[in-house]
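Observations on the model geometry
So you can see what is in the structure, the chains are spelled out below.
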Amino acid sequence: MNAFINAQQPPGSVDSALSVVDRYYLAWRNYQNEHGQEPTDKQLSTSLASEGVTGRSGNPISPSTLRRYFLHFRMYHVWADHRMSTDSPSAESVAQDCARRGITAQYNKPVAAGDIAPQTDDFERRWQTLKEG
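Note that this is a predicted model, so its numbers are computed, not measured.

Another point: unusual backbone geometry. Look at Tyr107: it is not a glycine, yet its phi comes out positive at around 60°. For Tyr107, the location among the structural elements is in the loop between helix H6 (91-100) and helix H7 (113-116). In this model, Asn108 sits at a positive phi of 60°, which is unusual for a non-glycine residue.

Structure follows, in structure tokens:
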């Protein structure tokens with residue numbers, strides 16, 4: 001990863017169990033909750049910097065670095081909605097829900113179950129980490 005967290009976290013805290021990408025996701029989700037819309041890459045970079053999350057140089061995280069996670073965040077968000085009602089969300093049902101919500105992959109291709117399935121372990125890890133917080 002090209003980033004680190006400037007804020008000190010106590011060892012063993014839930015915050016210390018969060019990956020850098022988890023922190024990016026939380027900032028992305030919090031921005032949506034506060035503003036009613038998904039942030040642009042530049043807005044997320046600014047938001048993270050205001051929370052003390054910067055790159056190695058101490059400058060804000062590059063918007064292009066953040067932009068590459070947006071599809072993953074959208075898919076996780078849908079997966080998490082499904083996870084609230086089942087212990088093992090179906091990749092196919094999550095992909096179908098992504099289509100209903102207008103979430104597409106690169107070049108406007110539909111998100112497929114094959115895009116979701118490889119993410120499931122990471123999605124579950126994030127789910128478990130965030131629910132403890």
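Attention now goes to the packing of helix H5 (residues 70-83) against H6. As a packed pair, H5 and H6 sit with axes 9 Å apart at the nearest point and diverge in direction by 120°. Classified by the interaxial angle, the pair formed by H5 and H6 is oblique. Here the hand of the crossing between H5 and H6 comes out right-handed. Of the residues in H6, those touching H5 at Met75, Val78, Trp79 and His82 are Ser93, Val94, Asp97 and Cys98.

Further remarks concern the side chain of Asp22. Of note, Asp22 is situated in helix H2 (residues 20-35). When its relative accessible area of 0% is taken as the criterion, Asp22 is described as buried. Separated by 2.9 Å, the side chain of Asp22 and the backbone nitrogen of Ser19 make a polar contact. At 2.8 Å, the side chain of Asp22 forms a polar contact with the side chain of Arg125. In this view, Asp22 contacts Ala17, Arg125 and Arg126; residues no more than four positions away in its chain are not counted.

Cut-off values and rules
Residues numbered from 1 in each chain as written. Predicted model: local features only at pLDDT ≥ 70, side-chain atom pairs only at ≥ 80, totals over all residues. Heavy atoms only, no water. Helix = DSSP H or I, 4+ residues; strand = E, 2+ residues; numbered from the N terminus. Axes fitted to C-alpha atoms, helices over the stretch in contact; angles between N-to-C directions. Parallel < 35°, antiparallel > 145°, perpendicular 65-115°, else oblique. Left-handed = near helix turned anticlockwise from the far one by under 90°. Contact = heavy atoms within 4.5 Å. Buried < 20%, exposed > 50% of the residue type's maximum accessible area, 1.4 Å probe, protein only. Polar contact = N/O pair within 3.5 Å; in protein donor to acceptor, adjacent residues only side chain to side chain.

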